[in-house]
Amino acid sequence: MTETTITAIRASDECAAQLAEFSDEWTEIHRQQATLDARKARLLARSAAYADAFADATVPAIFPPAERRELSRRSTCAALAMATRTPERTIQRATNDAERLMNDAPTVLASLEAGRISARHAQVITDRLCDVPAAGRAVFLEQVLPVAEGATVSYLRQRARVLRERLHPESITARAVRSEADRRVEFEPAADGMAWVHLFTTAPIAQGIIERVEAAATESRSAGDTRTCAQLQADALAALALTGVTPEDVMSSPVLPHPIEVQEHIKPTVQITVPALTMAGVSDAPATLDGYGPIDPETAARIAVNAPSFTRILVQPETGAVLSVGRNQYRVPADLQRAVRLRDGTCRAPGCGRRARACDLDHSVAWDDGGTTDVGNLACLCRHHHRMKHLPGWNLDHRPGGVLDWTTPDGKRHRTEPDPAPF
């Protein structure tokens, strides 16, 4: 055996030993993480139980019993969310999942606590368990848990779906009719002037849409279009939705329109906030499209040209400040509404991202208590946080400059400030 071979063997052995160390530590970290996730689940389930137990004592009796329970739970979730800067809906969903683990799948929770499965494995199981009738749940858990303890999340999801289908006594036809009622479209902003549109619909329709845009993209590509397949598919869907382009149109004129051409067909009523220097043509600072955020000036101009109506709000270029418009009345006039909604951007409860235009305009100091109708006493609160603000233990102080200081029932304080000017 040569010296080179001996050296190579030693290096290989050293590498194997180091890899084994990494692998062992990585496994141990995952085990600890699973144990912590189980601990989180137990805590959230306990917090929900306490919220139910004290609902009648902490929520005014003017609310019906079921609503008192809901408000107590949401108040508890809000306090936990604010304490960890977590979206409130995330805490609500996690609480619901935790209760399912505790009450419906204790063996899954035990496996998670022992580190034999991950939180994602547990989530797949509880998601499927919701769709399994009570009579078949014990069998489902008995068969699916061993799979989870020895398989990836992806494989578990596939096996759980098949097993759930096998155990479900209701026909897939009946379930499909019921699930069809949940179809919807969701909008998700992304960075750099982009966004996602998610469509939840029946599988045949979804498959038909995909086949249509793939066919349109293929035809355009065959005609010499240099855009990528992904770009062409996205542009095909936009053209189908906004310009009335049909597959027949594609066959006769296979080159798909460019996004800029498609954009010209948008006929919205929009609110665009534009820096004064940008309007004067001496700056390229971004405009702000209500409901999305920063967009480039050229896009803002193209949209505004085609809009039958739009609101243009000019702001002070150095500070982005909006002039306050006071009125000596309870009802908030339109110009003051615009000023407050523009200042706040979203609901002003900590962690809430509901858009300001969908929120109530709340008097921080109630009108009946001497509060005034002006920017120093008005804030955007979604209906949920508007109601929650009045529950015992909650307090809201409106500070100068639109700063809101919140106090939660556990005595913790949280501050929210108006959205900074986006330019």
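Residues numbered from 1 in each chain as written. Predicted model: local features only at pLDDT ≥ 70, side-chain atom pairs only at ≥ 80, totals over all residues. Heavy atoms only, no water.

### Some words on the overall build of the protein
- Looking only at helices and strands, one finds 17 helices and 11 strands in the protein.
- A burial count over the protein gives 33% of its 423 residues as buried.
- Counted over contacts in the protein with a minimum sequence separation of 6, partners at least 24 positions apart contribute 53%.
- As displayed, the protein has an accessible area near 25300 Å², and 55% of this comes from carbon and sulfur atoms. (Helix = DSSP H or I, 4+ residues; strand = E, 2+ residues; numbered from the N terminus. Buried < 20%, exposed > 50% of the residue type's maximum accessible area, 1.4 Å probe, protein only. Contact = heavy atoms within 4.5 Å. Areas by Shrake-Rupley, 256 points an atom, 1.4 Å probe, with all protein chains shown as cover.)

### Considering the packing of helix α7 (residues 134–148) against helix α8 (residues 153–167)
- Here α7 crosses α8 at 160 degrees, and the two axes come no closer than 10 Å. Relative to α8, the element α7 is oriented roughly antiparallel. In the crossing of α7 with α8, the sense of the turn from one axis to the other is right-handed. Contact residues: Gly136, Val139, Phe140, Gln143, Val144, Val147 and Ala148 in α7; Tyr155, Leu156, Arg159, Ala160, Leu163, Arg164, Arg166 and Leu167 in α8. (Axes fitted to C-alpha atoms, helices over the stretch in contact; angles between N-to-C directions. Parallel < 35°, antiparallel > 145°, perpendicular 65-115°, else oblique. Left-handed = near helix turned anticlockwise from the far one by under 90°.)

### Quick look at the sheet that holds strand β9 (residues 395–398)
- Spatially, β9-β10-β11 is the arrangement adopted by the 3 strands of the open sheet, whose pairing is antiparallel. Each edge of the open sheet carries a strand with a single partner, namely β9 and β11 (413–416). Going from strand to strand, the sheet's axes swing by 20 degrees on average, the running direction of each strand aside.
- Taken together, the 4 bridges between strand β10 (residues 404–407) and β11 define a ladder with antiparallel strand orientation. (Pairing = 2+ DSSP bridges.)

### Notes on the packing of helix α6 (residues 119–129) against α7
- For the pair α6 and α7, the least separation of the axes is 11 Å and the interaxial angle reads 160 degrees. By the angle between their directions, the pair α6 and α7 is classed as roughly antiparallel. In this structure, α6 meets α7 at a crossing whose hand is right-handed. Across the interface between the two elements, His121, Ile125, Arg128 and Leu129 from α6 touch Arg137, Phe140, Leu141, Val144, Leu145 and Ala148 from α7.

### Section: the pairing of β9
- Side-chain alternation along β9 places Leu396 and His398 on a buried face and Asn395 and Asp397 on a face that remains uncovered.
- Note: β9 against β10, 4 bridges, orientation antiparallel. Within the sheet, the bridge partner assigned to Asn395 lies in β10 and is Thr407.
- The hairpin turn running from β9 into β10, its antiparallel successor, is 5 residues long, and Gly401 in that turn takes a positive phi close to 80 degrees.

### Here we look at a positive patch on the surface
- Positive charge collects at one region of the surface, where Arg89, Arg93, Arg354 and Arg355 lie side by side.
- Summarising the element assignment, Arg93 is placed in helix α4 (residues 88–104). (Patch = residues over 30% accessible without salt bridge, like charges linked within 9 Å, V, L, I, M, F, W, Y side chains within 5 Å. Salt bridge = Lys/Arg side-chain N within 4 Å of Asp/Glu carboxyl O. Lys, Arg positive; Asp, Glu negative; His and termini not counted. Charge placed at Lys NZ, Arg CZ, Asp CG, Glu CD.)

### Some points on the pattern of salt bridges
- Scanning the model with the defined rule gives 24 salt bridges in all.
- Between Asp362 and Lys389 there is a salt bridge; the shortest N-O distance is 2.6 Å. Of this pair, Asp362 sits in strand β7 (residues 360–363) while Lys389 sits in the loop between α17 (383–388) and β9, and the two are 27 residues apart along the sequence. The two residues Asp362 and Lys389 agree in class, both being buried.
- One salt bridge in this structure joins Asp397 and Arg399, with 3.7 Å as the shortest N-O distance.

### Brief notes about the nonpolar core
- Membership of the largest hydrophobic core comes to 31 residues, with the highest contact counts inside it found for Leu101, Val108, Leu112, Ile125 and Phe140.
- Secondary-structure elements contributing two or more residues to this core are α1 (3–53), α3 (65–84), α4, α5 (106–113), α6, α7 and α8.
- In terms of residues, this core owes the most to one element, α7, which gives 6 residues.
- Leave out the neighbours within four places in its chain, and Leu112 touches Ala34, Thr35, Asp37, Ala38, Leu101, Ile117, Ser118, Ala119 and Ala122.
- Cys352, Cys380, Cys382 and Leu404 belong to the second-largest nonpolar core, a separate cluster that totals 25 residues. (Core = buried A, V, L, I, M, F, W, Y, C linked by side-chain atoms within 4.5 Å.)

### Looking at the environment of Met388
- Mapped onto the elements, Met388 comes out in helix α17.
- Other than its neighbours up to four places away in sequence, Met388 contacts Arg74, Ser75, Ala78, Met82 and Trp394.

### Things to note about a nonpolar patch on the surface
- A contiguous nonpolar patch, built from Val185, Phe187, Val197 and Leu199 and spanning about 420 Å² of accessible area, is present on the exposed surface.
- Sorting the residues of the nonpolar patch by element identifies β1 (184–189) and β2 (195–200) as the ones contributing at least two each.
- Its location among the elements puts Phe187 in strand β1.
- Of the residues examined, Phe187 reaches a relative accessible area of 48% and is grouped as partly exposed.

### A closer look at the side chain of Arg227
- Looking at where Arg227 falls in the secondary structure, it is placed in the loop between α10 (203–222) and α11 (229–242).
- On the accessibility criterion, Arg227 (13% relative accessible area) is buried.
- In terms of polar contacts, Arg227 uses its side chain to reach the side chain of Asp225, at 2.6 Å. (Polar contact = N/O pair within 3.5 Å; in protein donor to acceptor, adjacent residues only side chain to side chain.)

### Side note on α10
- Taking 1.5 Å per residue, 20 residues should reach 28 Å; α10 reaches 28 Å between its end C-alpha atoms and fits that length.
- The first or second residue beyond α10 is Gly224, which carries a positive phi of 105 degrees. (Expected span 1.5 Å × (residues − 1).)

### Section: the confidence of the model for the protein
- Overall, the predicted model of the protein reaches an average pLDDT of 80, with 75% of residues at or above 70.
- Mean pLDDT across the elements of the protein bottoms out in strand β6 (residues 309–315) (48) and peaks in α5 (96).
- When the criterion is pLDDT under 50, residues 312–328 qualifies, and its contacts beyond four places in sequence or with other chains add up to 33 contacts. (pLDDT = per-residue confidence, 0-100.)

### Points about the environment of Glu88
- Secondary-structure assignment places Glu88 in helix α4.
- Using a relative accessible area of 9% as the deciding quantity, one classes Glu88 as buried.
- On a C-alpha basis, the gap between Glu88 and Thr76 in space is 9.9 Å, while along the polypeptide they are 12 residues apart.
- Once residues lying within four places of it in the same chain are set aside, the contact partners of Glu88 are Arg74, Cys77, Ala78, Ala81, His384 and His385.
- A distance of 2.5 Å separates the side chain of Glu88 from the side chain of His385, its partner in a polar contact.

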